[in-house]
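So the chains spell out like this:
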Amino acid sequence: MRKRFEWAVPATAILLAVGLLLYFTRISPVIYETNDDLFLKWIASGEMTGDPEAKMYYIGLPAGIILSSLYKLAPDLPWYGLYQLAAIAAVMAVISGGILSLVEKPLLRLLSLAAFGLGAYGFFFYHVAELQFTFTTAFLGAGAVFAYGVSILSAENKKTHRLWSILFWLMTFWSISIRLKAFLMLTPILAVLGVGGLFFSKDPADSEARKSARKRILITSFVGCGLLVAVYLQDLAVYGTGEWKEFRDYKNAEEMVTDYYHYPDYDTYRELYDRYDIGPAAYTAASSHYLVELQPWINASSMADVAATAKANYRSLSFGEFIRAFWDRHMISYMDRPLNILVYALYLFVTLWIMGLRRWGELKELAVLVMARTVIWSYLIYMERLPVRVSHGVYAAELACLLVILLKVQKKAGRKASAVMGILAAAMVMALTVRFGFPKAAAAGYDARSKCENGKIFAEVRGYFAEHPHQVFLLDVHSFEYYTENALVGRVDETDNWLFLGSWMAESPWYDKKYDRLGIEDPDNCFFTDPDVKAVFLKVSGDEYEYFEDFCRERYPEKQVYVEDIIHTSAGLEFAVLGCE
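Residues numbered from 1 in each chain as written. Predicted model: local features only at pLDDT ≥ 70, side-chain atom pairs only at ≥ 80, totals over all residues. Heavy atoms only, no water.

Looking at this model, I keep getting lost on the side chain of Q84. Mind explaining?
Relative to the elements of secondary structure, Q84 occurs in helix 4 (residues 79-102). Judged by its relative accessible area of 3%, Q84 is buried. With sequence-adjacent residues up to four places away left out, Q84 is seen in contact with D37, L131, Q132, F133 and T136. (Helix = DSSP H or I, 4+ residues; strand = E, 2+ residues; numbered from the N terminus. Buried < 20%, exposed > 50% of the residue type's maximum accessible area, 1.4 Å probe, protein only. Contact = heavy atoms within 4.5 Å.)

Structure below.
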């Protein structure tokens, strides 16, 4: 009977996770939150270069090898989207399995799973409807946090501890295989659990058993650190030589400029820009419109100088501005508000129970968790890196850590107190979900459906490209930045005679391969010298491509940009196809 029950726990957890995922994908299309994932999917599937690529730069090589191999085996399946959905389902299974294994009473198990299911829909459905690899990485990190915490709770039981340690290693490797930097952001929270397990805990009472338990915690921690170091060294080896090193150096400098410090003012630093033959129109095109292609001056050397100048003149937030930004983000932010209400309610709930039960060791852990999350949030606010795909990942890890502390307190409380605590916690989560989470989830579904409809416009434009296979189309970044695809639609390779004028892929080895396939030998000048190369802009008020005309006029005064054709779409939007003569 006991053996059957052991199998029932993981089976129930897996069924719950799969059921939730199937329900989520049924009520809403699954799209990508940003075009970054769309670009990565094009690389992995081979739509960019002609063959599936393992080197994806923003996605770790282990995940890249898996994805590119899957696309080679079955190119028509949407592996990139499925890979992220599988990761989200795995985390839900791990957390629900932990709840089932640590909560003893059947009624409490039922209530806890109901609260988990509702909470998953209310607070994290958005990240299934709109996938993004940074959040998926952080969500896997939250799963690793939870598994690590449960492994500490069960350290006195060698078999159970080994199982949860393996899950921790699996979640950790899966997370860092996608994006190492996003996982590293959560290490202060993992440190809280490790320190708490090693120094704050007084159980088990037997000193020899406690020593053995701490030894197992240390082994788990060292193996996890080893995985981090191995993936980091592998990334250095892959992107540390040849054309990849040049691209990495360029991207590091370019990201400092565009994501953190912004381009230095043209008039103030005219000498810097003159050094690289950057005129005012080229500066405007790069700094305001992300026009990177057709710009010979953009390379690792020039961007390093621009980044150094930008960093030297960057004004960081004052203490007062920092406090206001911290307060606004946590108390006013529309995107974060439902989730941060849940996090703060759980902080309060756990604190009151710890004080009521006088479990002072856990109160210390909670205080250190507050310190760790303050470090993480301070860094994010100071660097002004707070899109929801980042902030929600931090909240998910905090929730995982708080859940571990709650389960730890509940485990050591009396039977009556444990039952009351579980019932109240489940009721609180369900009430907050209904009040704050459900409206947000409904809005997320509507937003995903709207963006999916917009994606059909891009498909219609690509249909035009297919009708002109002898031409090459360079797409304006801002005209297409909000168009995406259903993530569960397979590879779209009916035509590939187009590229973006910007995006983070520009100036990359992937672009070089595609230019070779398209027969373009001089990418910097192709629009001006090849009559079959066109530029495409969304046409609304008539001046969307004025900056592009200025840029072309600055580079080649004798050339003239003209509208060769108009692409009409079913939504009523029009796209201008520009030529140069």
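Once you've had a look at it, read on.
Teacher, can you tell me more about helix 19 (residues 388-412) here?
One turn of an α-helix holds 3.6 residues; hence residues three or four places apart share an orientation. Between its first and last C-alpha atoms helix 19 spans 36 Å; for 25 residues at 1.5 Å apiece the expected length is 36 Å, and the two agree. Buried residues dominate helix 19, accounting for 23 of its 25 residues. (Expected span 1.5 Å × (residues − 1).)

Mind showing me how you'd approach unusual backbone geometry here?
At Y57, a residue that is not glycine, the phi angle is positive and equals roughly 65°. Mapped onto the elements, Y57 comes out in the loop between helix 2 (35-45) and helix 3 (61-73). Its identity is not glycine, yet H262 carries a phi of approximately 70°, on the positive side. Structurally, H262 is set in the loop between helix 12 (242-261) and helix 13 (270-275).

Even after reading the chapter, I still don't get the pairing of strand 7 (residues 574-580), so can you show me in this structure?
A large share of strand 7 lies buried, amounting to six of its seven residues. As defined by bridge partners, strand 5 (residues 533-539) adjoins strand 7 across five bridges and the pair is classed as antiparallel. Directly across from K539, in strand 7, lies its bridge partner E574. As defined by bridge partners, strand 6 (residues 561-568) adjoins strand 7 across seven bridges and the pair is classed as antiparallel. Its bridge partner lying in strand 7, V563 is registered against L578. (Pairing = 2+ DSSP bridges.)

Would you explain the packing of helix 4 against helix 8 (residues 158-178) in this entry?
Helix-helix packing is characterised by the crossing angle of the two axes and by the distance between the axes. Close contact between helix 4 and helix 8 brings their axes to 12 Å; oriented N to C, the two are set at 155°. Comparing their axes, helix 8 and helix 4 come out roughly antiparallel. Helix 4 and helix 8 meet at a crossing whose hand is left-handed. Between helix 4, through Y83, A86, A87, A90, V91, V94, G97, G98 and S101, and helix 8, the contact on the second element is made entirely by W164, L167, M171, W174, S177 and I178. Of the residues in the contact of helix 4 with helix 8, the class split is eleven nonpolar, four polar and no charged. (Axes fitted to C-alpha atoms, helices over the stretch in contact; angles between N-to-C directions. Parallel < 35°, antiparallel > 145°, perpendicular 65-115°, else oblique. Left-handed = near helix turned anticlockwise from the far one by under 90°. Nonpolar A, V, L, I, M, F, W, Y, C, P; charged D, E, K, R; others polar.)

Please clarify how a negative patch on the surface should be interpreted in this entry.
A cluster of like negative charges, contributed by E243, E246, D512, D516, E521 and D522, occupies part of the molecular surface. Every element with two or more residues in the negative patch is listed here: helix 12 and helix 22 (509-518). Secondary-structure assignment places D522 in the loop between helix 22 and helix 23 (526-529). Owing to a relative accessible area of 36%, D522 belongs among the partly exposed residues under this scheme. (Patch = residues over 30% accessible without salt bridge, like charges linked within 9 Å, V, L, I, M, F, W, Y side chains within 5 Å. Areas by Shrake-Rupley, 256 points an atom, 1.4 Å probe, with all protein chains shown as cover. Salt bridge = Lys/Arg side-chain N within 4 Å of Asp/Glu carboxyl O. Lys, Arg positive; Asp, Glu negative; His and termini not counted. Charge placed at Lys NZ, Arg CZ, Asp CG, Glu CD.)

Just checking my understanding: could you explain the environment of R555 for this structure?
Within the secondary structure, R555 sits in helix 24 (residues 546-555). As a C-alpha pair, R555 and A282 span 273 residues in sequence and 8.3 Å in three-dimensional space.

I would appreciate a short explanation of the sheet that holds strand 5 in the present structure.
Pairing between the strands of a sheet comes from backbone hydrogen bonds, and it takes one of two forms, parallel or antiparallel. The five strands lie next to each other as 4-3-5-7-6, forming an open sheet whose pairing is mixed. The open sheet has two free edges, formed respectively by strand 4 (498-500) and strand 6, since each of these has just one partner strand. Within this sheet the neighbouring strands show an average axis-to-axis angle of 30°, counted without direction. Direction of pairing for strand 3 (residues 472-475) relative to strand 5: parallel, over a ladder of four bridges. Bridging from a neighbouring strand, F473 pairs with K534 of strand 5. The sheet strands contacting helix 20 (residues 415-467) are strand 3, strand 4, strand 5, strand 6 and strand 7, and the helix crosses strand 6 at an angle near 120°. Where helix 24 meets the sheet, it contacts strand 5, strand 6 and strand 7, and its direction lies at approximately 150° from that of strand 5.

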